[in-house]
Amino acid sequence: MKKITLLLSLVLIAFVSVSQQTINLNTSASSIKWIGSKVKSQHEGNIDFSKGHLIINDGKLTGGEFVIDMTTITCTDIEDEKYQNKLVDHLKDPDFFDVDNFKTSKVKITKVKYLDDNHYSIECDLTIKDITNSINFDAIVEIKGDQFYSKATIIVDRTKWGINYKSTKSIEAVSKSLILDDFQIDLYLLSQK
């Protein structure tokens, strides 16, 4: 009886190790697009991943973790190089992401709900400036063997991470140029070949 139990345990362990895969992110083919808005205008740009992976179990997404290189923030909608550099430098300073002190941000998937076909509801811990908050969003995830493609749009309230510069919640900002608290993140994830 002990031998049968041991054999079943070994088979189960082998099955779990085969069915669960950790698939690394192709950081050069994946992207993060950000969109930040004022009352009557907006700016957008990109940020790069430094590394990441998804966990796939029996062909379905079950987890994952990503590291974002905050030093790579760019702005893509301003043609004037001087103005563009001014905005990027401001995004990197303590008013926003304080990149000198917080060079990376992190996303860790904590809960996944399979909806249908390639649609998922995902809950993550998002860490910016060493502050972690939970976020929820829907995503499309296409999985074929050891390859994946995923895209999602996420709306984030920056004030939850202590980014309060010209916030709509700030009394000081009421008479100035307001920057909306919610900013948009568009994720495009592709696995390594």
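Going by the structure above, here's the rest.
Definitions and limits used
Residues numbered from 1 in each chain as written. Predicted model: local features only at pLDDT ≥ 70, side-chain atom pairs only at ≥ 80, totals over all residues. Heavy atoms only, no water. Helix = DSSP H or I, 4+ residues; strand = E, 2+ residues; numbered from the N terminus. Buried < 20%, exposed > 50% of the residue type's maximum accessible area, 1.4 Å probe, protein only. Contact = heavy atoms within 4.5 Å. Areas by Shrake-Rupley, 256 points an atom, 1.4 Å probe, with all protein chains shown as cover. Salt bridge = Lys/Arg side-chain N within 4 Å of Asp/Glu carboxyl O. 1 Å grid on protein atoms, 1.4 Å probe; cavity = no way out; pocket = protein on both sides within 12 Å on 5 of 7 lines; lining within 4 Å. Points joined across faces, edges and corners; volume = space filled by probe spheres on them. Nonpolar A, V, L, I, M, F, W, Y, C, P; charged D, E, K, R; others polar. Expected span 1.5 Å × (residues − 1). Arc of directions from axis to C-beta. Polar contact = N/O pair within 3.5 Å; in protein donor to acceptor, adjacent residues only side chain to side chain.

Further remarks concern the overall build of the chain. Of regular secondary structure, the chain possesses two helices and nine strands. For the chain, the residues scored as buried account for 36% of the 193 residues in total. Taking as baseline every contact in the chain between residues at least 6 positions apart, the subset at least 24 positions apart corresponds to 56%. Looking at the chain as shown, the accessible area adds up to about 11,800 Å², and 53% of this sits on carbon and sulfur atoms.

Turning next to the pattern of salt bridges. In this structure the tally under the stated criterion is four salt bridges. For glutamate 44, the salt bridge is made with lysine 33, and the minimal N-O distance between the two is 3.6 Å. Residue glutamate 44 is located in strand β3 (residues 42–57), and its partner lysine 33 is located in strand β2 (residues 31–37); the two are separated by eleven residues in the primary sequence. Salt-bridge contacts for aspartate 157 lead to lysine 169; the nearest nitrogen and oxygen are separated by 2.9 Å. With aspartate 157 in strand β8 (residues 147–157) and lysine 169 in the loop between β8 and β9 (182–190), this pair connects stretches of sequence that are twelve residues apart. Looking at aspartate 157, the relative accessible area reads 16%, which means it is buried. Looking at lysine 169, the relative accessible area reads 55%, which means it is exposed. Members of the salt-bridge network, linked through shared partners, are Asp157, Arg158, Lys169 and Asp181.

So, on to empty space enclosed by the protein. The final tally for this structure, using the stated rule, is two cavities of 30 Å³ or more. Along the walls of the largest cavity sit 18 residues, with Ile32, Ile68, Leu126, Ile128 and Ile185 positioned nearest its centre. Elements supplying a minimum of two residues to the lining of the largest cavity: β2, β5 (104–116), β6 (119–128), β7 (131–144), β8 and β9. Residue composition of the lining of the largest cavity, by class: 17 nonpolar, one polar and no charged. Estimated volume of the second largest cavity: approximately 130 Å³.

A few words now on helix α2 (residues 81–92). The terminal C-alpha atoms of α2 lie 16 Å apart, and with twelve residues this matches the ideal 16 Å at 1.5 Å per residue to within 8%. Taken as a whole, α2 has its buried residues at Leu87, Val88 and Leu91. Projected down its long axis, α2 carries its buried residues within an arc of 95 degrees, all on one side. Those residues of α2 that are exposed and aimed more than 90 degrees away from the buried face are Lys82, Lys86 and Asp89. Packed against the buried residues of α2 are β2 and β3. By the N-cap criterion, in which a side-chain oxygen at the helix start approaches the backbone nitrogen of a residue two or three places on, α2 is capped by aspartate 80, the distance to lysine 82 being 3.2 Å.

This next bit is on unusual backbone geometry. Positive phi is not limited to glycine here, since aspartate 130 has a value of about 60 degrees. Within the secondary structure, aspartate 130 is located in the loop between β6 and β7. Residue classification places aspartate 130 among the exposed residues on the basis of a relative accessible area of 65%. Non-glycine residue lysine 166 carries a positive phi angle of around 50 degrees. In this structure, lysine 166 sits in the loop between β8 and β9. Lysine 166 gets classed as partly exposed once you look at its relative accessible area, which sits at 25%.

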